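This is what each chain is made of:
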Amino acid sequence: MAETRNDQSAAEGIWSMRRLPEMDEAQFSQWQTLLEHRTGITLNAGRKSFLETNLGIRMREIGCNSYQAYYEKVASGPDAIVEWSTLVDRLTVQETRFFRDPDAFRLVSDYVLTRPREVLKKRPMEAWSVGSSTGEEPYTLAMLLNECMSQLALPPLYGVTGSDISKPAIEKAQRGLFNARKLMGMDEEMKTRYFRPAERNSVEIVESIRERVCFTRLNVLDLKRAPMHGMNIIFCQNLLIYFRRWRRREIVKRLAERLAPGGLLVLGQGEVTDWHPPGLQRVPSEHVLAWIRRQTDEE
Ligand SMILES: C[S@@+](CC[C@H](N)C(=O)[O-])C[C@H]1O[C@@H](n2cnc3c(N)ncnc32)[C@H](O)[C@@H]1O
């Protein structure tokens with residue numbers, strides 16, 4: 001019996017070191033279609049090795065040795081939903097930073113600081129980070145809103161929601177713990193105001209900011225099911241770049257519907273070109289792609 005177990009672990013060891021065969025074109029196309037259908041993300045031919053590497057890592061973890069068998073497991077097997085949820089996290093790019101796009105955040109600050117005071121006092125400012133990854137972007141929005149409110153000598157009446165398709169990214173965001181290196185380049189005063197040292201070279205977001213930010217898992221292709229409405233600020237950067245042009249436009253239209261009249265939509269520079277979303281007015285800026293929802297829906 002002991003011998004059999006040893007043989008088995010030796011075989012597993014050999015398998016885990018073996019290279020997977022190259023993915024053929026039909027298989028690549030099958031995976032491209034599945035990924036695009038479920039997430040909107042397109043993978044061009046240049047990303048085939050990215051797909052092979054990341055599928056390969058996951059397949060080794062679960063001892064699966066053929067792309068086809070793994071495809072069937074993810075597409076329709078009994079654990080398909082759970083396996084897909086693990087895989088999607090591996091196939092999405094989650095790169096992000098605090099204050100990643102300074103021009104866009106400056107525009108958000110200017111927008112808030114120029115709102116009528118009476119409006120800011122009456123109703124909380126609601127911001128939404130779409131494709132929030134591990135939380136740096138929604139926490140940045142919360143810090144900015146906090147700065148604006150204190151500059152205006154108003155109570156901190158604001159809330160931020162972060163949403164993402166990846167469950168591990170959402171869980172990390174909820175913990176609010178980051179490696180101290182993540183703060184490199186950030187304004188020193190902001191660092192001391194909004195972060196506390198935590199264990200093992202990490203820092204945590206202060207409670208007063210954490211309690212203003214909530215996270216939810218949401219696929220941007222399912223926006224019709226999203227409960228967010230009447231948002232004052234929607235921030236969606238570095239997500240639409242992975243999508244086809246027609247899909248970007250569809251999503252921007254859906255996001256615009258979630259804005260309050262007069263609300264601000266911010267995308268990444270160049271993420272939508274040669275098109276004007278209905279009901280929105282472009283914010284004049286050379287460096288930021290942003291629109292304001294008109295007060296009425298007339299063009
Ligand atoms: C590159 S990160 C951008 C993070 C942040 N917005 C920024 O600009 O720093 C892209 C994020 O979009 C998420 N994502 C990809 N496809 C998605 C989808 N269909 N629905 C929701 N989130 C998605 C990924 O999980 C990832 O966290």
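Let us look at the structure shown here.

Definitions and limits used
Residues numbered from 1 in each chain as written. Predicted model: local features only at pLDDT ≥ 70, side-chain atom pairs only at ≥ 80, totals over all residues. Heavy atoms only, no water. Axes fitted to C-alpha atoms, helices over the stretch in contact; angles between N-to-C directions. Helix = DSSP H or I, 4+ residues; strand = E, 2+ residues; numbered from the N terminus. Parallel < 35°, antiparallel > 145°, perpendicular 65-115°, else oblique. Left-handed = near helix turned anticlockwise from the far one by under 90°. Contact = heavy atoms within 4.5 Å. Nonpolar A, V, L, I, M, F, W, Y, C, P; charged D, E, K, R; others polar. Phe/Tyr/Trp six-rings, centres within 6.5 Å; stacked < 30°, edge-to-face > 60°. Buried < 20%, exposed > 50% of the residue type's maximum accessible area, 1.4 Å probe, protein only. Lys NZ or Arg CZ within 6 Å of the ring centre and 35° of its normal. Expected span 1.5 Å × (residues − 1). Pairing = 2+ DSSP bridges. Right-handed = clockwise from strand over helix to strand, strands pointing away. Near = heavy atom within 4 Å. Polar contact = N/O pair within 3.5 Å; in protein donor to acceptor, adjacent residues only side chain to side chain. Areas by Shrake-Rupley, 256 points an atom, 1.4 Å probe, with all protein chains shown as cover.

### Some words on the packing of helix α3 (residues 48–62) against helix α5 (residues 80–91)
Helix packing geometry: the angle between the two helix axes and the distance between the axes.
Step number 1: The geometry of α3 relative to α5 is characterised by a closest axis approach of 10 Å and an angle of 140° between their N-to-C directions. The angle between α3 and α5 places the two elements in the oblique class. Between α3 and α5 lies a crossing whose hand is right-handed. On α5, the residues that touch Phe 50, Leu 51, Asn 54, Leu 55, Ile 57, Arg 58, Glu 61 and Ile 62 of α3 are Glu 83, Thr 86, Leu 87, Arg 90 and Leu 91.
Step number 2: Across the contact of α3 with α5, the residue classes tally to seven nonpolar, two polar and four charged.

### Side note on the packing of aromatic side chains
Step number 1: Counted according to the given criterion, the structure contains eight aromatic pairs.
Step number 2: Arranged with centres 5.5 Å apart and planes meeting at 65°, the rings of Tyr 139 and Phe 215 form a pair that is edge-to-face. Of this pair, Tyr 139 sits in helix α8 (residues 136–151) while Phe 215 sits in strand β6 (residues 213–217); the two residues are 76 residues apart in sequence, bridging distant segments of the chain. We note that Tyr 139, like Phe 215, is buried.
Step number 3: Above the face of the Phe 50 ring, Arg 47 is positioned so that its terminal group lies 4.1 Å from the ring centre.
Step number 4: Between Arg 212 and the ring centre of Tyr 158, over which it is positioned, the NZ or CZ distance is 5.4 Å.

### Here we look at helix α6 (residues 102–113)
Step number 1: Helix length check: α6, at twelve residues, gives a terminal C-alpha distance of 16 Å against a target of 16 Å (1.5 Å per residue), a fit within 8%.
Step number 2: Buried residues of α6: Ala 104, Phe 105, Leu 107, Val 108, Ser 109, Tyr 111 and Val 112, and no others.
Step number 3: Of the surrounding elements, those touching the buried residues of α6 are α7 (117–122), β1 (125–130), α8, β7 (231–236), β8 (259–267) and β10 (289–293).

### Quick word on the pairing of strand β2 (residues 158–164)
Step number 1: Within β2, seven of the seven residues are buried, leaving the element largely enclosed by the surrounding structure.
Step number 2: On β2, burial covers both faces: Tyr 158, Val 160, Gly 162 and Asp 164 on one face and Gly 159, Thr 161 and Ser 163 on the other are all buried.
Step number 3: Note that β1 and β2 share six bridges and pair parallel. Of the residues in β2, the one forming a bridge with Val 130 is Ser 163.
Step number 4: Handedness of the crossover is the feature at issue here: the chain leaves β1, passes through α8, returns alongside β2, and the resulting connection is right-handed.
Step number 5: Taken together, the five bridges between β2 and β6 define a ladder with parallel strand orientation. Within β6, the position partnered with Ser 163 by the bridge is Thr 216.

### Some thoughts on the site of the ligand
Step number 1: Around the ligand, 20 residues are found, and the nearest of them are Thr 39, Thr 96, Arg 100, Asp 164 and Asn 238.
Step number 2: Thr 39 is positioned with one of its backbone polar atoms (N or O) 2.8 Å from a nitrogen atom of the ligand.
Step number 3: In this structure, Glu 137 approaches the ligand through a side-chain N or O atom, which is 2.9 Å from a nitrogen atom.
Step number 4: Here the ligand loses 99% of its free accessible area of 600 Å² to cover by the protein chains.

The values are spatial; any link to function lies outside them.
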